[in-house]
Amino acid sequence: MNTTPDTPKPATMIIDGRELPLEGERNVLEVARKAGIDIPTFCYHSELSVYGACRLCLVEIEGRGVQASCSIVPEPGMQVRTNTKQVRDIRRIALELLLANHDMNCPTCARSATCRLRELSERMGIDEVRYKPVHERQPKDKSSLSLVRDPNKCVLCGDCVRACRELQGVGAIDFAFRGAHSAVLPAFGQNLDTGECVNCGLCASVCPTGALTPRPEMDAVWADLDDPDKVVIAQLAPAVRVGLGEYFGMKPGSITTGQAVAALRAIGFDKVYDTSFTADMTVLEEGEEFLRRFSDGGPLPLFTSCCPAWVKYAEQFHHELLPNLSSCKSPQQMFGAVARKMLPEQMKLEGKELVIVSVMPCTAKKFEAKQDKFIHDGVPEVNHVITTTELGQMLRQCGLQLDTLEPESFDMPLGFKTGAGVLFGVSGGVTEAVLRYAVEKMRGTPLEQVDFKEVRGEAGLREAVITVNGVELRLAIVNGLANVKTVVESIQNGACPYHLVEVMACPGGCVAGAGQPHAPGPEVRRQRARAIYHNDKGLELHKAQENPELARCYREHFGEVGGHAAHDALHTEYQHRRRLHELNLEIIEGQEAEKIPVQVCVGTNCFLNGSQELLRKLTRYVENKNLEDRVHLSATFCMERCGQSPNVRVGDTHLERCTFDAARAALDERLAGIMATVQ
Amino acid sequence: MKQTTTRQFEKICEILDRYERKPAKLIPILQAVQAEYRYLPKEALAYVATALGLSPSSVFGVATFYAHFALTPKGKYVVHVCDGTACHVKNSESLLAAIRKKLALKEGKNTTDDLLFTVETVSCLGACGLAPVMVVNEVVHGMMTPAKCDEVLDKILESEATQ
């Protein structure tokens, strides 16, 4: 009995005869799940908008009939039944219809172990499909370096579409066509690699089936491991050590560093190193860059550059931020550069080829490693990138169980790290690691308290202010690229003059990357993040500047932190990147053999800077002068020089910040040239 | 790659200006663009997406969702044969067969190679009293027979030939 009669009784609703309190749940589905009734769903995702498409979460509501529980706001006194015959029948039909058009080659599907469609079919006892397939087989899209899209396995739940748009603010894929022809496609039905996709893989993380999966590289790794003329080494990213255990049924947040090292050696890797070593290195390089910009007046804020999905996003959508991006390579690429410089001598390769394999929680790292700028004279800094899940699978192929392996230590020297380098696995971790360096340097006295708890947390956009020597350092930590928009707006309107902005594409940071074992969800993510902080605590050193092996590495190979040699090997540059490919609006196509190609950029930046008017004027000019046969005029999407918009190309002359007069002058000059040779 | 004439480009700019480049006006913008080209070339869709600040994939999604929008070129004359219930029982199928035969359209093709005609069926034009009905562009022809369809097409072909 309630002994305090003043306290009002909490509002309740009835589900399957049980009275359940209402505590601000968004919908009936959440109330039911809180009570342990796992109503099946495909399209419901707690971090995305409610969609109500899959019709599996149907329930019967007294007085309202059969409703999708994800779309109904709970009301006091509501009476709900989740397991009536009608509900079961409808769910069964919905599943059978999905299965009828699903490419059921389950044994050879990358998601066979974690497929939600397979799991629900089994749960609902579907033993036959009564409907005939109506879809034609579509080809797989293997164009992306990071992801594979198999339209034949799509159940049109739209999770990927909403994740890409709502959490990442990209919108690389969307629904196209309608009814029986509905499909999830990149723009114009093109391949994934030609569009705006930043390779984060969040779509694959939320996909309930095998329609979107990380692109595997295991075969290439096995081939190199089998080759006696190759020495194969591994680098293990921070987040992998807190994710791999889940693949083998361990509790989320289990730290399995030693077993992962042992496992990599067991399957044939010659040496096993830690990406946290070069994460420590990133701390020094980026910390030094930050301090230099801080004292020299900019450009600030400094944006972190560890996350390749964020880097591609910035290159595509925010050319104006590229000077603010740290020039530091990501720890993965730094590792490749350092290993190629140090190991050949140290390991006595005797003419054998050094192969560097990354184990990453990330799909975008696959794309990053294959960028031209990270391949020197045909030799890539990193040869292959496999995900945490791929490593798990390789171990299982060999019959290895992670928990029965005796833990082993990383190889030296590139296996020695401080806690700072481990923190890179979690959102806020890079900021904290850099602060441990920068604040100590600014103060000039050893930092006793190394934890900066004000930068930790889960929100997609967090702010913190740290006061050092009376100076305020204003920080922003972003995860989920959609939040970048807010940050950029508040920087541009002057509301938030940040000094340092950390961006990680995946909500929660690398621990929840698309290469980690499937179905993270906020709670699993929390456990993994906690494990990263525990791992930091369990190490003896917490500041990158105290890493003795790193100090020696600088002494023997790179000289000063931020110095010339370090800059050559450990830093990079960024490029403006076009988002639309193979699209030109042909406006005037001259008929003469000798004609002058004129291209006006109408990508977003040039468009906003008046290229439409410029193009209009040029078009009229060509027409008025009757030059239609001598000119090939087209509008093109992005010349990758967004900082100098509007861009125009006349012949092979590129005109930046072009005006109509400048374009006309260039055109007239070329025309005069042609007329002279023709006569 | 599709040719955009200078006039069409001027027109796209004018349409975008008229709707103040508002993303909420995407559908009327696409309708107006289609009126210019008689379909929606993907280059024009990309240009509209850029101008409105929308992702090209979502513009493509809208353009493919509505049957009204075409992503392949349509003929100068769009012939709609109604196949709603009333027209169907009045043998609209024979109209369609006659038109397709007259225009020598092969199986799976709806547009003539000279881009003069596109033939489509619609499910009710709301003119059931005139069944069976054929509409050429905006002009409604009621109480049709295969022979009368031939006549209508012949007239169009004649007027095209004299131009």
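Keep in mind that this is a model prediction, so the values were computed, not measured.

*Asks:* I'd like a description of the overall build of chain A, backed by residues and values.
*Replies:* Scanning chain A from N- to C-terminus turns up 22 helices and 24 strands. Its C-alpha atoms give chain A a radius of gyration of 28 Å, within 12% of the compact-globule value 26 Å for 679 residues. Out of the 679 residues belonging to chain A, those deemed buried represent 58%. Looking at chain A alone, contacts between residues at least 24 apart form 73% of all its contacts between residues at least 6 apart. Summed over its atoms, the accessible surface of chain A is roughly 28,300 Å², and 50% of this surface lies on carbon and sulfur atoms. Separation of charge centres in chain A, based on 76 positive and 89 negative side chains, amounts to 4 Å.

*Asks:* Explain the overall build of chain B to me, using residue names and the numbers behind them.
*Replies:* Counting its secondary structure elements, chain B contains 7 helices and 4 strands. Along chain B, from the amino end to the carboxyl end, the secondary structure elements read α-α-α-α-β-α-α-β-β-β-α. By principal-axis analysis of the C-alpha atoms, chain B measures approximately 50 × 35 × 30 Å. A total of about 8,200 Å² of accessible surface is found on chain B, and carbon and sulfur atoms cover 54% of it. For chain B, the centre of its 19 positive side-chain charges and the centre of its 18 negative side-chain charges are spaced 2 Å apart.

*Asks:* Explain empty space enclosed by the protein to me, and be specific about the residues and the numbers.
*Replies:* Residue and element names in this part refer to chain A. Evaluated as defined, the whole model comprises 5 cavities of 30 Å³ or more. Here the largest cavity is characterised by a volume of approximately 330 Å³. Counting residues per element, the ones that place at least two in the lining of the largest cavity are α9 (275-296), α10 (308-317), α11 (331-347), α12 (364-369) and β19 (500-504). Per-class residue counts for the lining of the largest cavity are 21 nonpolar, 6 polar and 1 charged.

*Asks:* Account for the side chain of T111 of chain B, with residues named and values stated.
*Replies:* Residues and elements named next belong to chain B. In this structure, T111 sits in the loop between α6 (92-102) and β2 (117-122). There is a polar contact of 2.9 Å between the side chain of T111 and the side chain of T118. Sequence-distant contacts of T111, that is, excluding residues within four places in its chain, are made with P73, K74, G75, L105, F117 and T118.

*Asks:* Explain the sheet that holds strand β22 (residues 631-636) of chain A to me, and be specific about the residues and the numbers.
*Replies:* Residues and elements named next belong to chain A. As summarised here, the arrangement of the 5 strands in space is β20-β22-β21-β23-β24, forming an open sheet in which the pairing is mixed. Unpaired on one side and paired on the other, β20 (584-589) and β24 (653-655) mark the two borders of the sheet. Sheet twist, expressed as the mean angle between neighbouring strand axes with direction ignored, is 15°. Bridging between strand β21 (residues 596-601) and β22 involves 6 bridges; their strand directions are parallel. Opposite C601, over in β22, you have T636 as the bridge partner.

*Asks:* Mind laying out the nonpolar core, listing which residues take part and the relevant values?
*Replies:* Judged by nonpolar contacts, the single largest core of 134 residues is most densely connected at I233, F269 and W310 of chain A. A total of 8 residues in this core trace back to one element, the largest contributor, which is helix α15 (residues 429-443) of chain A. Counting only domains with at least three residues in this core, you end up with domain 2 (96-215) and domain 3 (219-570) of chain A. Residues in contact with I233 of chain A, not counting those within four places in the same chain, are F269, K271, Y273, F335, A339, L343, M347, L354, V355, I356 and V357 of chain A. Residues Y621 of chain A together with F9, C13 and V33 of chain B belong to the second largest nonpolar core, which totals 60 residues.

*Asks:* Tell me about the interface of chain A and chain B, and name the residues and values.
*Replies:* Contacts between the two partners involve 35 residues from chain A and, on the opposite side, 32 residues from chain B. In this assembly, chain A packs against chain B so that about 2,900 Å² is buried in total across both faces, 63% of it on carbon and sulfur atoms. Contact with chain B buries surface across chain A, with F188, L585 and F607 of chain A losing the most and accounting together for 23% of the total. The tally of links between chain A and chain B comes to 3 salt bridges. Between R616 of chain A and D17 of chain B there is a salt bridge, with the nearest N and O atoms lying 3.7 Å from each other. Inspection of the chain A/chain B interface yields 7 residue pairs in polar contact (both at pLDDT 80 or more). For the side of chain A that touches chain B, the secondary structure elements donating two or more residues are β7 (173-176), β8 (183-186), β20, α20 (604-608) and α21 (611-624) of chain A. The residue makeup of the side of chain A that touches chain B, split by class, is 19 nonpolar, 8 polar and 8 charged.

*Asks:* Tell me about the sheet that holds strand β1 (residues 77-82) of chain B, and name the residues and values.
*Replies:* All names here are of chain B. With mixed pairing, the 4 strands of this open sheet are ordered in space as β2-β1-β3-β4. Strand pairing shows two members of the sheet lacking a second neighbour, β2 and β4 (139-141), which therefore form its edges. Averaged over all adjacent pairs, the angle separating strand axes in this sheet is 20°, with direction ignored. Here α6 sits on the sheet in contact with β1, β2 and β3 (134-136), set at roughly 155° to β1.

*Asks:* Run through the packing of α9 of chain A against α15 of chain A, naming residues and quoting values.
*Replies:* Residues and elements named next belong to chain A. Put simply, α9 and α15 touch, their axes get as near as 9 Å, and they point 55° apart. Classified by the interaxial angle, the pair formed by α9 and α15 is oblique. In this structure, the crossing between α9 and α15 has a hand that is right-handed. Of the residues in α15, those touching α9 at V283, L284, E286, G287, E288, F290, L291 and F294 are V430, A433, V434, Y437, A438, K441 and M442.

*Asks:* Tell me about the domain arrangement of chain B, and name the residues and values.
*Replies:* It is common to report an interface's size as the accessible area lost on association of the parts. According to the domain assignment, chain B consists of domain 1 (6-65) and domain 2 (77-162). One C-alpha centre belongs to domain 1 of chain B, the other to domain 2 of chain B; they are set 29 Å apart.

*Asks:* Quick rundown of the domain arrangement of chain A? Include the residues and the values.
*Replies:* Residue and element names in this part refer to chain A. Its domain assignment divides chain A into domain 1 (12-83), domain 2 (96-215), domain 3 (219-570) and domain 4 (584-678). Once you take the C-alpha centre of each, domain 1 and domain 2 turn out to be 26 Å apart. Between domain 1 and domain 2, the contact holds 14 residues from the first and 16 residues from the second. A buried area of about 1,200 Å², summed over both sides, lies between domain 1 and domain 2, and 60% of it is on carbon and sulfur atoms. The three residues of domain 1 that bury the most area against domain 2 are F42, L48 and Y51, which together make up 51% of that side's buried surface. On the surface where domain 1 and domain 2 come into contact, there are 1 salt bridge. Here R123 ties to D38 by a salt bridge, and the two come within 3.1 Å at their closest N and O atoms. Run the count over domain 1 and domain 2 and you get 5 residue pairs in polar contact (both at pLDDT 80 or more).

*Asks:* An account of α21 of chain A is needed here, citing residue identities and associated values.
*Replies:* An α-helix turns once per 3.6 residues; consequently, residues spaced three or four apart project the same way. Residues and elements named next belong to chain A. The end-to-end C-alpha distance of α21 is 20 Å, a good match for the 20 Å that 14 residues give at a rise of 1.5 Å each. Buried residues of α21: S611, Q612, L614, L615, R616, L618, T619, Y621 and V622, and no others. Just downstream of α21, N626 is the residue with a positive phi angle, here 55°.

*Asks:* I'd love a proper account of the packing of aromatic side chains, names of residues and values included.
*Replies:* Counted according to the given criterion, the structure contains 16 aromatic pairs over all chains. Taken together, F303, W310, Y313 and F317 of chain A form an aromatic cluster joined through their ring pairs. Across the ring face of F65 of chain B, the terminal group of R178 of chain A is positioned such that the distance to the ring centre comes to 4.2 Å. Its end group placed over the ring of F367 of chain A, K312 of chain A keeps NZ or CZ at 5.6 Å from the ring centre.

*Asks:* Summarise α11 of chain A; cite the residues concerned and give the values.
*Replies:* All names here are of chain A. Bending of α11 peaks at approximately 35° at the position of A339. The buried fraction of α11 amounts to 12 of the 17 residues, a majority that puts the element mostly inside the structure. Here α11 has its buried residues at P331, Q332, Q333, M334, F335, G336, A337, V338, A339, M342, L343 and M347. Immediately beyond the C-terminal end of α11, within one or two residues, lies K348, with a positive phi of roughly 50°.

The rules behind each value
Position labels on residues start from 1 in each chain and follow its written sequence. Each chain gets a letter, beginning with A, and each ligand a number, beginning with 1, in the order they are written. Two thresholds apply to this predicted model, a pLDDT of at least 70 for residue-level local features and 80 or more for giving and counting side-chain atom pairs, whereas whole-chain, interface and lining totals are computed over all residues. Excluded from the side-chain calculation are hydrogens and water; included are all heavy atoms of the structure. Only DSSP runs of H or I with at least four residues qualify as helices, and only runs of E with at least two residues qualify as strands; both kinds are numbered from the N terminus onward. The globule rule used here is 2.2 Å times the number of residues to the 0.38 power, and the radius of gyration it is set against is calculated over C-alpha atoms. For every residue, the accessible area (1.4 Å probe, protein chains only) is compared with the maximum for its type, and the residue is labelled buried under 20%, exposed over 50%, or partly exposed between those bounds. Contact between two residues is taken to exist if any of their heavy atoms lie within 4.5 Å; hydrogens are not considered. Each accessible area is a Shrake-Rupley result for a 1.4 Å probe, and residues are judged covered by the shown protein chains and nothing else. We count Lys and Arg on the positive side and Asp and Glu on the negative side, and we leave His and both chain ends out. Here the site of a charge means atom NZ of a Lys, CZ of an Arg, CG of an Asp or CD of a Glu. Residues are said to line a cavity or pocket when one of their atoms sits within 4 Å of a point; the points come from a 1 Å grid over protein atoms alone, cavities being sets where a 1.4 Å probe fits but cannot get out and pockets being open sets with protein on both sides within 12 Å along at least five of seven lines. Grid points are joined across faces, edges and corners, and a volume is the space filled by probe spheres set on the points. As a working rule, the residues Ala, Val, Leu, Ile, Met, Phe, Trp, Tyr, Cys and Pro are called nonpolar, Asp, Glu, Lys and Arg charged, and the rest polar, with Gly in that last group. In protein, a polar contact means a hydrogen-donor-capable atom and an acceptor-capable atom, both N or O and within 3.5 Å, with residues adjacent in sequence counting only if both atoms are side-chain atoms; elsewhere, any N or O pair within 3.5 Å suffices. In this scheme, strands are said to pair when DSSP sees at least two bridges between them. Axis definition: a line fitted to C-alpha atoms, limited for helices to the stretch in contact. Angles are taken between N-to-C directions and run from 0 to 180 degrees. By nonpolar core we mean a set of buried residues, namely Ala, Val, Leu, Ile, Met, Phe, Trp, Tyr and Cys, connected to one another through side-chain atoms within 4.5 Å. Boundary definitions for the domains trace back to an automatic or database domain assignment. Buried area: the accessible area, evaluated with a 1.4 Å probe, that two parts lose upon being put together, summed over both parts. By definition here, a salt bridge exists when the distance from a side-chain nitrogen of Lys or Arg to a carboxyl oxygen of Asp or Glu is within 4 Å. These descriptions rest on fixed angle ranges, namely under 35 degrees for roughly parallel, over 145 for roughly antiparallel, 65 to 115 for roughly perpendicular, and the rest for oblique. Put simply, a crossing is left-handed when the front helix is turned counterclockwise from the back one by less than a right angle, and right-handed when it is turned clockwise. Here the expected span of a helix is defined as 1.5 Å times the quantity of residues minus one. Here a pair means two rings of Phe, Tyr or Trp (six-membered ring of Trp) with centres within 6.5 Å. Their orientation is stacked below 30 degrees between planes, edge-to-face above 60, and tilted elsewhere. We call a charge positioned over a ring when the NZ of a Lys or the CZ of an Arg lies within 6 Å of the ring centre and within 35 degrees of the ring normal. Fitting one axis to the seven residues ending at a residue and another to the seven starting there, the bend at that residue is the angle between the two axes.

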